[in-house]
Amino acid sequence: MSFLKPNITRSKSIKNITDAIDNEKPFLFTRFGDGEVWILMERFNQKRINRIKTNWQVTDSNYREIAARVRKELIESFNNSNMAGFMNENPLEYGVSIKYKPDVWSIRKDHAKTIGMHNNNITSHLLTRGNELGDPNNFKKILKGKPIHIISPNADLLAEKKLSNILGCNITYTKVTVNPNSAIYQKEKLKKELDKIEESIVIFGCAASGKWIGNYLKINHGKVCLDFGATLDAWAGIISRAWFKTTQKHLVIKK
């Protein structure tokens with residue numbers, strides 16, 4: 001059984017992102033974790049239904065409709081990504097101590113085609129957890145002082161951490177809200193905010209329901225859009241993953 005898995009090396013992936021930042025040409029890196037996989041595969045057990053009820057504010061009567069919309073957006077984002085991130089078979093390479101199971105972290109290639117997923121540019125889902133991008137002191141060297149825009153529920157905390165000083169560049173922010181989930185329920189209003197972004201480089205971390213944001217900004221505004229996911233939690237000082245305080249301590253901004 002053949003599953004989607006990284007076929008772009010770590011070093012080449014970093015070079016692709018570095019070149020995109022240097023050249024400021026349209027570019028999209030979107031990450032697909034286990035949550036995105038079970039949405040794409042439509043595996044809705046009760047635990048997952050309860051999770052999206054909380055995270056998306058859905059009910060028994062509308063969760064399938066909302067999930068279908070998010071699923072469609074995930075497929076579009078996958079197809080339009082210059083690099084799509086799926087878990088690599090050796091997560092310990094990035095300091096993540098979990099057992100890799102392809103049916104949890106990936107999708108069979110034949111099934112991907114069946115549901116309209118057409119993209120052969122696959123890198124590691126964990127790319128932004130590595131030292132090159134995840135350590136703000138190293139990412140600073142890649143940015144070279146270029147201004148960026150960050151889209152995250154953690155916008156306030158990131159500003160409080162003086163991330164602009166740490167990365168050595170000017171940062172503007174758009175805050176997405178969790179309650180209500182603005183990426184789902186205030187989409188048109190949020191698009192108007194996105195249309196105002198002046199910076200060429202956009203870092204976003206808005207969970208499965210917000211993956212469309214990077215796709216929208218690349219297609220409509222030619223932005224360099226990088227999905228940093230929970231790395232933005234760590235930069236905000238939030239220990240949202242157990243390994244952030246052990247093997248991935250380089251991510252966490254404490255001060």
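Everything below is about the structure shown above.
Computed from a prediction, not measured in an experiment: that's the story for all the values here. (Residues numbered from 1 in each chain as written. Predicted model: local features only at pLDDT ≥ 70, side-chain atom pairs only at ≥ 80, totals over all residues. Heavy atoms only, no water.)

## Considering the environment of Asn119
On the secondary structure map, Asn119 appears in the loop between helix H6 (109-114) and strand E3 (122-124). In the structure, Asn119 is positioned 41 residues away from Phe78 in sequence and 6.9 Å away in space, judged by C-alpha atoms. Ignoring sequence-local partners within four residues, the contact set of Asn119 consists of Phe78, Asn79 and Ser81. Polar contacts involving the side chain of Asn119 include one to the main-chain carbonyl oxygen of Ser81, which spans 2.8 Å. (Helix = DSSP H or I, 4+ residues; strand = E, 2+ residues; numbered from the N terminus. Contact = heavy atoms within 4.5 Å. Polar contact = N/O pair within 3.5 Å; in protein donor to acceptor, adjacent residues only side chain to side chain.)

## Looking at the packing of aromatic side chains
Enumeration over the complete set of coordinates arrives at 9 aromatic pairs. Ring centres of Phe78 and Phe86 lie 6.1 Å apart, and the angle between their planes is 80 degrees; on these two criteria the pair is classed as edge-to-face. On the accessibility criterion, Phe78 (1% relative accessible area) is buried. Ring pairing ties together the aromatic residues Phe32, Phe78 and Phe86, which thus form one cluster. Sitting over the ring of Trp212, Lys187 keeps its end group 4.8 Å from the ring centre. (Phe/Tyr/Trp six-rings, centres within 6.5 Å; stacked < 30°, edge-to-face > 60°. Buried < 20%, exposed > 50% of the residue type's maximum accessible area, 1.4 Å probe, protein only. Lys NZ or Arg CZ within 6 Å of the ring centre and 35° of its normal.)

## Some details on the sheet that holds strand E2 (residues 83-86)
Taken together, the 7 strands give an open sheet; going across it, the order is E3-E2-E1-E7-E6-E4-E5, and neighbouring strands pair in parallel fashion. Each of the sheet's edge strands pairs with one partner strand only, and the pair in question is E3 and strand E5 (171-175). Looking at each pair of strands side by side, their axes are set apart by 20 degrees on average, direction ignored. Bridging between strand E1 (residues 27-31) and strand E7 (residues 224-227) involves 3 bridges; their strand directions are parallel. Following the sheet pairing, Leu28 is matched in E7 by Cys225. Those strands touched by helix H4 (residues 63-80) are E1, E2 and E3, and its axis lies near 130 degrees from that of E1. (Pairing = 2+ DSSP bridges. Axes fitted to C-alpha atoms, helices over the stretch in contact; angles between N-to-C directions.)

Geometry only, nothing functional implied.
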